[in-house]
Amino acid sequence: MQNNNTFKFEFVALMASLMSIVALSIDALLPALPDIGSSLGVTNPNDNQLLITMIFLGLGSGQLIFGPLSDSFGRKPIVFIGFIVFIIASIICVTTKSFEMMIFGRILQGVGISSPRSLTLSMIRDEFSGDYMAKIISIVVMFFILVPVIAPSLGQFLLYYFNWESIFYFNLGFGLLIMIWFWVRQPETLIKAKRIKFTSHLFIDGTKEFFKHKEAVAFTFVSGFITGSFMVYLSTSQQIFQLQYNLADMFPYIFASLAISVGLATFFNSQLVVKYGMYKIAFTSCIAYAIISILYVILFWSGQNPSITILIGFFALQFFAVGFLFGNLRALAMQPLGHIAGIGAAINGFISTVMAVPIANYIGSFVKTSVLPLFIGFSVFGVLSVFVFLIIKRQRNLVTT
């Protein structure tokens, strides 16, 4: 473990690349949703959202398997097992003629990529701690955000010259390259002396330990609120820009520009978090997240969509706040869990995702002719997140007095 918190570029780049497999599997498919739905006989466009939201269900549940196993057997072998599951799931997706089987394949894909997603956080926690850990997570997220910038354009390119199946094949090829890099260059981060003996009650013991840390639980809930409301955007963005605004050709560029907004925030966070602390920055950003969405709801309560320029402006501000939240919320939740980093990251990811999927599916069902339901969702869960922060702040003050 790096007790001196020294920066290693290749480690950060590799962690970002592992997480990028997740982003590519989600975002590259966005332009192809209508084509996949049409190919599989889907009649309700809202059902296409399931191809995005259900992969998150797999992401959440898979972590409960891979996280505890990694605490006993090390991070590297479990990452590779997850990738094998991802390969099997991708084959199901490109060969099925059934929408229901496609949904199953997407859930299974989520299970597979939950391994590199959650174990990336575990490996970072193995190596770093405190605000410096939040800095590393922010830098990883910053590189990771580059994928949503190019993924929809890449998906549209593959769709134009080939077919929607080619997107799945590209994801497989990209993932294989990252796995080879990971195998050759990344040492195991969890030394044998710090591994937890595998027992039948390993997960139960880890869960009990997780829930002993109230702040880890609280920040996990905030992650669920923010992820759920943000996931509505991911699952409905294609509908909003292509159907409500009739901007199908511009969709990849709009999506990329908004991803850049998140990326800029994560960059600034990586520069500021050690100086100001992850808690203060996350709390301030949470307040901003709530205020921006409430302002939109007040201004456009009629349900009439504003001009595309105004909408993009609100989205950019909203996602700028998100960029300060994602890395810091994860770091805040993981800080007290260094001794159970694998199980801790798994439970954190599971709870936040299990919360997020129904939130996204429910709110997304109302996003048909107006963007207003999306911002109402942002407002409600932004306010709830602020309340959680206030409760934590009050408890911290009671402890220090």
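Our subject is the structure listed above.
First, a word on what this report is: a plain description of the structure on this page. Since this is a predicted model, take the numbers as computed values, not measurements. (Residues numbered from 1 in each chain as written. Predicted model: local features only at pLDDT ≥ 70, side-chain atom pairs only at ≥ 80, totals over all residues. Heavy atoms only, no water.)

1. Considerations on helix 8 (residues 202-212)
And step 1. Those residues of helix 8 that fall on the buried side of the exposure criterion are L202, G206, T207 and F210. All buried residues of helix 8 lie within an arc of 125° about the axis, which places them on one face of the element. Those residues of helix 8 that are exposed and aimed more than 90 degrees away from the buried face are K208 and K212.
And step 2. In this structure, the buried residues of helix 8 make contact with helix 3 (50-73), helix 9 (214-244) and helix 13 (341-364). (Buried < 20%, exposed > 50% of the residue type's maximum accessible area, 1.4 Å probe, protein only. Helix = DSSP H or I, 4+ residues; strand = E, 2+ residues; numbered from the N terminus. Arc of directions from axis to C-beta. Contact = heavy atoms within 4.5 Å.)

2. As for the packing of helix 5 (residues 99-127) against helix 6 (residues 130-161)
And step 1. Look at helix 5 against helix 6: their axes get within 10 Å of each other, and the N-to-C directions meet at 145°. Handedness of the crossing formed by helix 5 with helix 6: right-handed. Residue-level inspection shows L121, I124 and R125 of helix 5 in contact with helix 6, the latter providing M133, I136, I137 and V140.
And step 2. When its residues are assigned to classes, the contact of helix 5 with helix 6 shows six nonpolar, no polar and one charged. (Axes fitted to C-alpha atoms, helices over the stretch in contact; angles between N-to-C directions. Left-handed = near helix turned anticlockwise from the far one by under 90°. Nonpolar A, V, L, I, M, F, W, Y, C, P; charged D, E, K, R; others polar.)

3. A few points about the environment of I36
And step 1. By the element assignment, I36 lies in helix 2 (residues 33-39).
And step 2. For the pair I36 and H339, spaced 303 residues apart in sequence, the C-alpha to C-alpha distance is 44 Å.
And step 3. Every residue in contact with I36, bar those within four places of it in the chain, is listed here: L29, L51, M102 and W164.

4. Looking at the side chain of S379
And step 1. Considering the arrangement of structural elements, one finds S379 in helix 14 (residues 372-400).
And step 2. There is a polar contact of 3.3 Å between the side chain of S379 and the side chain of S293.
And step 3. Setting aside chain neighbours within four positions, we find S379 in contact with S293, I294 and V297. (Polar contact = N/O pair within 3.5 Å; in protein donor to acceptor, adjacent residues only side chain to side chain.)

5. As for the nonpolar core
Taken as a class, soluble globular proteins show a tendency for nonpolar side chains to be buried jointly.
And step 1. Judged by nonpolar contacts, the single largest core of 143 residues is most densely connected at Y233 and F315.
And step 2. No other element matches helix 6, which puts 17 residues into this core.
And step 3. When near neighbours in sequence (up to four residues on either side) are disregarded, Y233 contacts F241, F255, L258, F315, F319, L374 and F378. (Core = buried A, V, L, I, M, F, W, Y, C linked by side-chain atoms within 4.5 Å.)

6. Quick look at the pattern of salt bridges
Opposite charge on two side chains makes pairing possible when the charged atoms of those side chains draw close.
And step 1. Counted under the stated rule, the structure contains five salt bridges.
And step 2. Of the charged contacts in the structure, one is a salt bridge between E10 and R185, with a shortest N-O distance of 2.7 Å. Of this pair, E10 sits in helix 1 (residues 9-27) while R185 sits in helix 7 (residues 165-185); the two residues are 175 residues apart in sequence, bridging distant segments of the chain.
And step 3. Here R75 and D71 are joined by a salt bridge, their closest N and O atoms 2.9 Å apart. One exposure class covers both R75 and D71, and it is buried.
And step 4. Because the salt bridges share partners, they merge into one network encompassing D71, R75 and D126. (Salt bridge = Lys/Arg side-chain N within 4 Å of Asp/Glu carboxyl O.)

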